[in-house]
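Below, each chain spelled out in residue letters.
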Amino acid sequence: MLKKMENTTWDNGKEERKKWWSEKRLKYNLGLIISGFLAFIAYSLVVQYVIPPAPDVEITLFTIIFQGIAYLIMMGIANVFYNIGQFSEKIIKPKNVDGFRKWTFNIGFWISCFLPFSIPIILLVYYL
C-alpha cells in the first residue's frame, strides 16, 4: 500500500504564520478601539471649539450611537485588510520571516490607528 507523502515543512510554516498573525489580532483590535475613542474625542473638540456653529453640526446620543456602529463596521473591514499581512508573507516568502512580520504588522497597525484621526485633522486644517 502506498503512503501519501506530506509536505510537513509547508504545513508547519502555514500553521506558524497563521498562529503568529492570530496572536497579534487582539493588539490590533485594541489599538483600533483606543484610537477610535481618542479620534472621536478629537472630533468632538474640533466640532465644539473650531468649527463655526451651524444647526446641522451637532453631537447627540443618536449621532454617537450611529458613529459607533459605523466604526464597528469599519473595524470589521480593517480586520479583513489585516489578513493582507499573512497573505503577503505567503506570496513574498521573506528570508527574515520574523523581521518581515514585525515590520508588516507595525506598518499596518500604525496606519490603521492613524486613519480615525483623519477626519478631525481634515476639519481642523479646513477651518483654521
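Computed from a prediction, not measured in an experiment: that's the story for all the values here. (Residues numbered from 1 in each chain as written. Predicted model: local features only at pLDDT ≥ 70, side-chain atom pairs only at ≥ 80, totals over all residues. Heavy atoms only, no water.)

Participant: Looking at this structure, I do not really get the overall build of the protein. What am I missing?
Facilitator: Per the secondary structure count, the protein includes four helices and zero strands. Counting from the amino terminus, helix and strand elements in the protein follow one another as α-α-α-α. Scaling as 2.2 N^0.38, a compact globule of 128 residues should have a C-alpha radius of gyration of about 14 Å, whereas the protein reaches 21 Å, well beyond that. For the C-alpha atoms alone, the extent of the protein along its principal axes is close to 80 × 30 × 20 Å. Here the protein holds 128 residues, and 27% of them are scored as buried. Taking all contacts inside the protein whose residues are at least 6 apart in sequence as the whole, residues at least 24 apart take part in 80%. Accessible surface computed for the protein: about 10,000 Å², of which carbon and sulfur atoms make up 70%. Taken together, the 14 basic and 9 acidic charged side chains of the protein have centroids lying 9 Å from each other. (Helix = DSSP H or I, 4+ residues; strand = E, 2+ residues; numbered from the N terminus. Rg over C-alpha atoms; globule rule 2.2 N^0.38 Å. Buried < 20%, exposed > 50% of the residue type's maximum accessible area, 1.4 Å probe, protein only. Contact = heavy atoms within 4.5 Å. Areas by Shrake-Rupley, 256 points an atom, 1.4 Å probe, with all protein chains shown as cover. Lys, Arg positive; Asp, Glu negative; His and termini not counted. Charge placed at Lys NZ, Arg CZ, Asp CG, Glu CD.)

Participant: Please clarify how the UniProt feature "transmembrane region" (unreviewed entry) in the protein should be interpreted in this entry.
Facilitator: Mapped onto this structure's residue numbering, the UniProt feature "transmembrane region" (unreviewed entry) falls at residues 28-51, 57-82 and 103-127. Spanning residues 28-51, this segment combines 92% helix with 0% strand, and its end C-alpha atoms are found 32 Å apart. The annotated region residues 57-82 carries 85% helix and 0% strand content, and the separation between its end C-alpha atoms amounts to 33 Å. (UniProt positions renumbered as here; feature names shortened; annotations may be inferred.)

Participant: Whenever I open this one, helix H2 (residues 61-92) confuses me. Can you help?
Facilitator: One turn of an α-helix holds 3.6 residues; hence residues three or four places apart share an orientation. Counted at 1.5 Å a residue, the expected span for H2 with its 32 residues is 46 Å, and the 47 Å between its end C-alpha atoms agrees. The largest bend along H2 measures about 25° and falls at Gln86. For H2, the set of buried residues is Met75, Ala78, Asn79, Tyr82, Gly85, Gln86, Ser88 and Glu89. A positive phi of about 50° marks Lys93, the residue just after H2. (Expected span 1.5 Å × (residues − 1). Bend = angle between axes of the 7 residues up to and from the residue.)

Participant: Teacher, can you tell me more about the packing of aromatic side chains here?
Facilitator: In this description, an aromatic ring pair is defined by two values, namely the gap between the centres and the angle between the planes. Inspection of every chain in the model, using the stated rule, returns eleven aromatic pairs. Relative to Tyr43, the ring of Phe40 has its centre 6.2 Å away and its plane inclined at 35°; by these criteria the two rings are tilted. With Phe40 and Tyr43 both in helix H1 (residues 8-49), this residue pair falls three residues apart, about one helical turn. Summarising the aromatic geometry, the rings of Tyr126 and Tyr127 are spaced 4.9 Å apart at their centres and angled 85° between planes, so their arrangement reads as edge-to-face. A residue is classified by how much of its surface remains accessible, and Tyr126, at 64% relative accessible area, is exposed. Of the residues examined, Tyr127 reaches a relative accessible area of 36% and is grouped as partly exposed. (Phe/Tyr/Trp six-rings, centres within 6.5 Å; stacked < 30°, edge-to-face > 60°.)

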